[in-house]
Amino acid sequence: MSDGDSFRTEVRSWLEYNCPIEKRGPMNETDHCFGGRRWRFKDDAQRLWLERMSSRGWTAPEWPRQYGGGGLSPVEAQVLREEMSRIQAHSPLTSLGIWMLGPALLRFGTEEQKQKYLPPIVRGEVRWCQGYSEPNAGSDLVSLQTRAELIGEEFVINGAKIWTSYGHLSDAIFCLVRTDPSKPRHEGISFLLIDDMTVPGVVASPLKLLSGAEHFSQVFFDDVHVSHDNLVGVLNRGWDVAKYLLLFERAMIGGRTADTTRLPAIAVKHMGRDALRAEPMLRAKIIELDMELAAFEAMVERYDDEAAAGIMPGAKSSMLKYWATELAVRRHELTVSVMGIDGINLDGDSGKVALNWLAALPNRIGGGTSEIQLNVIAKRVLELPGA
Amino acid sequence: MSLLIDDDTRMLRDSAQRFFAGSDSVRSLRRLRDSRDLTGIAHGTWNGIVELGLSGVLIPEQFGGSGLDTMASIQISEMMGASLATGPFLSSAVMSSTILLACNNDRIKNDILPAIASGSIVTLASEETSRHNPLSISATVGNQNGRYVLSGNKIAVIDGNIAEKLIVPAKSTDNGQVLLLLVNSDANGIVTKVGMGIDSHPVVEIAFSNVALGPENVISDDERSIDYLDKAFDIGRIHLAAEMLGAAQEAFDRTVDYLKTRVQFGRKIGEFQALQHRAALLFGELEIARSLVLKSASIYDTDQARSAEFASLAKARVGEIAKHVTTEAVQLHGGIGVTDDFDIGLFLKRVKVASERLGDTSFHAERYAGLQGL
């Protein structure tokens with residue numbers, strides 16, 4: 001316990017000294033630092049904060065030191081998170097490399113791959129995206145068709161990916177590709193790195209969503225050549241890597257809480273107490289949903305505590321994803337109602353709430369739809385029978 | 001502050017689980033119900049609870065208990081819910097102990113707490129209205145030359161048919177102050193009426209008419225009486241939430257087993273996606289309920305300023321979830337689920353009664369809203 005306390009003291013004073021004042025406080029969308037070769041820092045503080053955190057490996061606190069990580073134990077990493085949240089420090093780096101690719105390489109990668117790819121991820125120098133879904137492989141991901149043919153020492157890739165987060169802004173993409181069409185569906189897929197999206201044959205174009213945002217893209221591959229060394233794990237066993245990573249993706253989407261202002265506070269601020277009391281049905285809805293959200297937060301907290309103690313949620317992460325995204329849609333929809341007509345006027349002061357609502361909808365779909373999450377719970381956790 | 005239970009609590013949970021699972025409580029509940037033995041039902045597994053030392057779980061060692069925290073004691077309520085066990089754990093070991101520990105009365109603490117730890121049954125007789133309204137107190141206590149006279153009607157007295165002593169809030173006829181009085185249940189002027197609830201537990205009304213008391217019966221006579229009551233209600237609500245969690249989890253586990261074995265249309269009904277999704281949703285709700293029970297207990301132990309908010313949150317949300325889970329459990333069992341011979345409906349009844357006690361979902365949503373400034 002005393003060791004934990006002294007670590008906490010050290011972290012606290014280091015953060016106090018090193019976290020720029022501009023990088024504290026509520027984080028909005030423009031505060032995210034995605035890094036990468038094409039990244040333009042919002043300001044010097046953002047650059048400085050990334051450099052300082054990554055120099056300690058604290059952009060990837062639990063990764064081993066030899067790959068640039070922080071080498072922290074789960075308990076120490078939890079202390080770091082708590083101390084960062086205590087001063088509302090921004091996350092220094094928003095990175096699929098850290099959340100998704102890193103865990104895959106640490107578990108399935110070769111020593112050469114770990115040394116080559118992990119340190120630049122920690123430093124935010126390369127921005128990775130994920131090529132999983134395809135136009136005809138959404139919920140049924142395993143039916144994916146993008147083909148990678150091994151010719152000599154190279155894979156030659158042809159096909160298309162869709163719903164690739166920030167694909168058009170990324171430097172590199174990790175993909176699920178079909179390497180053996182003759183095998184049963186799960187057994188002919190491999191996990192492949194295209195570590196330079198500027199090579200000939202790769203085209204990424206953005207998709208515009210209901211909210212107007214362009215977070216996703218389509219990525220096309222036309223005779224793209226990559227080295228055989230870019231295969232992660234065993235040839236034709238990429239589905240094992242994908243399944244492992246899906247747990248991280250669901251936990252990540254599930255853990256996202258963009259705006260933490262509580263609904264009752266929003267309603268009191270926007271309407272005032274008297275107006276709210278004059279609408280008892282609306283008030284009741286606000287209270288009920290706020291209670292559901294607070295209850296869900298208790299579950300997130302419990303799973304965080306379990307993770308810090310080394311108990312991984314496994315398939316239970318599907319539930320975090322399910323409830324986080326379902327509740328977010330309801331929360332943002334009700335927030336629009338609280339604002340009334342102001343809430344749907346994109347050019348008004350409150351127009352952002354409608355965009356938040358529309359932006360919450362894709363999260364119920366990406367990373368496995370809500371319905372797929374329920375399938376996962378039914379099969380993997382409850383072990384109900386059937387295909 | 002962690003929402004994980006420590007090793008000591010885990011051991012307590014395991015031993016409570018073994019005891020209640022082995023107590024054959026469902027069969028005994030059915031037997032006592034069929035012979036309308038409401039005294040037997042109220043006592044339930046109490047002797048075993050006392051032998052295991054669980055009656056003193058919250059009572060400090062100096063008063064003969066084991067001095068554990070709420071995180072520990074909710075494990076016992078959860079296991080009682082799961083096994084449908086009965087016995088005055090909530091009323092005596094949890095709520096009455098909490099009031100007496102909080103109060104500023106050393107004589108009563110020294111007298112009564114060790115007695116509760118060793119099995120004496122004390123309960124709180126506070127409710128007066130059919131919908132929970134704890135501060136609406138009409139019972140009166142007059143004071144003449146140092147002697148007190150208590151009159152009034154109390155309802156929904158948990159285990160009121162077997163308690164040796166009653167803790168009774170009443171308003172002073174002099175100044176309107178709420179007094180907490182410790183009354184022997186066999187005192188002159190007390191009439192007890194016992195009915196049977198849908199869960200087969202007794203529903204007890206107690207009428208006090210000019211019950212004569214002395215200064216030794218006064219637990220508290222100042223404005224703090226209300227705070228002591230609040231503390232007891234909140235810890236009671238958290239334990240009711242734990243009890244509902246236990247009952248709902250057990251009903252759910254049995255339902256999942258049923259989905260894996262019942263065959264219709266030539267296949268296990270658990271293969272149907274319509275049922276799989278319902279089961280998956282219930283699983284998620286139960287995980288949330290479990291987290292909330294732990295959170296509210298942890299907050300009660302460590303953060304007094306927020307304990308009311310989380311007690312209400314837990315009572316309301318876990319109540320709704322447990323009602324949903326047990327109602328679905330009956331439905332997913334089909335015809336057999338609505339027969340009296342089959343146990344699944346007993347969980348539904350237990351949960352419904354627990355959800356009505358000490359404030360239902362609407363009561364606690366309103367209280368929670370007030371605490372949020374709405």
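Residues numbered from 1 in each chain as written. Chains lettered and ligands numbered in written order. Predicted model: local features only at pLDDT ≥ 70, side-chain atom pairs only at ≥ 80, totals over all residues.

The next subject is the overall build of chain A. When you go through chain A residue by residue, the secondary structure sums to twelve helices and eight strands. On C-alpha atoms alone, chain A measures out to a radius of gyration of 22 Å, which is about the 21 Å that the 2.2 N^0.38 rule sets for 387 residues. On the principal axes, the C-alpha backbone points of chain A span a range of 75 × 50 × 45 Å. Within the span of chain A, comprising 387 residues, buried residues form 41% of the whole. Once local pairs closer than 6 in sequence are excluded, the contacts in chain A between residues at least 24 apart make up 70%. (Helix = DSSP H or I, 4+ residues; strand = E, 2+ residues; numbered from the N terminus. Rg over C-alpha atoms; globule rule 2.2 N^0.38 Å. Buried ≥ 20, exposed ≤ 12 C-beta atoms within 10 Å, placed from the backbone. Contact = placed C-beta atoms within 7 Å.)

Turning next to the overall build of chain B. When its secondary structure is counted, chain B shows twelve helices and ten strands. Counting only C-alpha atoms and orienting by the principal axes, one finds that chain B spans roughly 80 × 45 × 40 Å. Pairs at least 24 residues apart make up 74% of the contacts formed inside chain B by residues separated by at least 6 positions.

Here we take up the nonpolar core. In this structure, Leu 150, Leu 181, Ala 248 and Val 293 of chain B are the most contacted members of the largest nonpolar core, which totals 158 residues. Tallying contributions element by element places helix H8 (residues 224–261) of chain B first for this core, with 16 residues. When residues no more than four places from it in sequence are discounted, the contact partners of Leu 181 of chain B are Val 141, Leu 150, Val 168, Ala 170, Leu 213, Asn 217, Val 218 and Ile 219 of chain B. Core analysis: the second largest hydrophobic core is formed by 57 residues, Val 11, Met 100, Val 126 and Phe 174 of chain A among them. (Core = buried A, V, L, I, M, F, W, Y, C linked by C-beta atoms within 7 Å.)

Our focus in this paragraph is the interface of chain A and chain B. With 30 residues of chain A at the contact, the number on the chain B side is 31 residues. Broken down by element, the side of chain A that touches chain B gets its largest block of residues, 14 residues, from helix H9 (residues 280–308) of chain A. Within the side of chain A that touches chain B, the residues separate by chemical class into 21 nonpolar, two polar and seven charged. (Nonpolar A, V, L, I, M, F, W, Y, C, P; charged D, E, K, R; others polar.)

Our next topic: the packing of H8 of chain B against helix H11 (residues 344–356) of chain B. Residues and elements named next belong to chain B. Where H8 contacts H11, the axes come no closer than 9 Å and their chain directions differ by 160°. When the interaxial angle is binned, H8 and H11 end up roughly antiparallel. As H8 packs across H11, the resulting crossing turns out to be left-handed. Two secondary-structure elements touch here, H8 through Leu 240, Glu 243, Met 244, Ala 247, Ala 248, Glu 250, Ala 251 and Arg 254 and H11 through Ile 344, Phe 347, Arg 350, Val 351, Ala 354 and Ser 355. Considering only residue class, the contact of H8 with H11 consists of nine nonpolar, one polar and four charged. (Axes fitted to C-alpha atoms, helices over the stretch in contact; angles between N-to-C directions. Parallel < 35°, antiparallel > 145°, perpendicular 65-115°, else oblique. Left-handed = near helix turned anticlockwise from the far one by under 90°.)

Its place among the elements puts Ile 344 of chain A in the loop between helix H10 (317–339) and helix H11 (352–360). For the pair Ile 344 of chain A and Ala 213 of chain A, spaced 131 residues apart in the sequence, the C-alpha separation amounts to 16 Å.

On to the domain arrangement of chain A, then. All names here are of chain A. Once the domains are mapped, chain A shows domain 1 (2–94), domain 2 (128–236) and domain 3 (256–381). Listed per partner, the contact involves four residues of domain 1 and four residues of domain 2. Partitioning the side of domain 1 that touches domain 2 into residue classes produces one nonpolar, one polar and two charged. (Domains from an automatic or database assignment.)

In this section: the domain arrangement of chain B. Residue and element names in this part refer to chain B. The domains assigned to chain B are domain 1 (7–120), domain 2 (124–222) and domain 3 (225–371). Just the C-alpha atoms count here: the centres of domain 1 and domain 2 sit 22 Å apart. Contacts between the two partners involve 19 residues from domain 1 and, on the opposite side, 16 residues from domain 2. For the side of domain 1 that touches domain 2, the secondary structure elements donating two or more residues are helix H2 (25–34), helix H3 (38–43) and helix H6 (89–102). Each residue belonging to the side of domain 1 that touches domain 2 can be placed in one class, and the counts come to ten nonpolar, seven polar and two charged.

Turning next to the packing of helix H5 (residues 70–83) of chain B against helix H9 (residues 273–302) of chain B. Residues and elements named next belong to chain B. Contact pair H5 / H9: the axes reach a minimum separation of 8 Å and the direction vectors enclose 140°. Taken together, the axis directions place H5 and H9 in an arrangement best described as oblique. Every residue of H9 that contacts H5 at Thr 70, Met 71 and Ile 74 is listed here: Val 293, Ala 297, Ser 298, Tyr 300 and Asp 301. Among the residues forming the contact of H5 with H9, the class breakdown is five nonpolar, two polar and one charged.

Generally, phi is negative for residues other than glycine and the peptide bonds are trans, each holding for most cases. In this model, Asn 236 of chain A sits at a positive phi of 70°, which is unusual for a non-glycine residue. Take Asn 236 of chain A: it is sitting in the loop between strand S8 (231–232) and helix H6 (238–255).

What follows is about the pairing of strand S7 (residues 202–213) of chain B. Along any regular strand, the residues point their side chains to alternate faces of the sheet. Residue and element names in this part refer to chain B. Summarising the sheet, strand S3 (residues 147–154) and S7 pair through six bridges and their orientation is antiparallel. Bridged to Lys 154 within S7 is Ile 206. Joining the antiparallel neighbours strand S6 (residues 190–196) and S7 is a turn of five residues, in which Ser 200 adopts a positive phi near 75°. (Pairing = 2+ DSSP bridges.)

All names here are of chain A. Alternating positions in strand S1 (residues 128–131) separate into two faces, Trp 128 and Gln 130 on one and Cys 129 and Gly 131 on the other, with burial throughout. Both S1 and strand S4 (residues 172–178) contribute to a ladder of four bridges, which runs parallel. Residue pairing across strands places Trp 128 opposite Ala 172, the latter belonging to S4.

Here Ser 298 of chain B shows up in helix H9. For the pair Ser 298 of chain B and Ile 238 of chain B, spaced 60 residues apart in sequence, the C-alpha to C-alpha distance is 10 Å.

Another aspect to go through is helix H3 (residues 74–86) of chain A. Residue and element names in this part refer to chain A. Taking 1.5 Å of rise per residue, 13 residues should cover 18 Å, and H3 covers 18 Å from first to last C-alpha, within 8% of that figure. Of the residues making up H3, those classed as buried are Gln 78, Val 79, Leu 80, Glu 83 and Met 84. Note on H3: the residue one or two positions beyond its end, Gln 88, has a positive phi of about 55°. (Expected span 1.5 Å × (residues − 1).)

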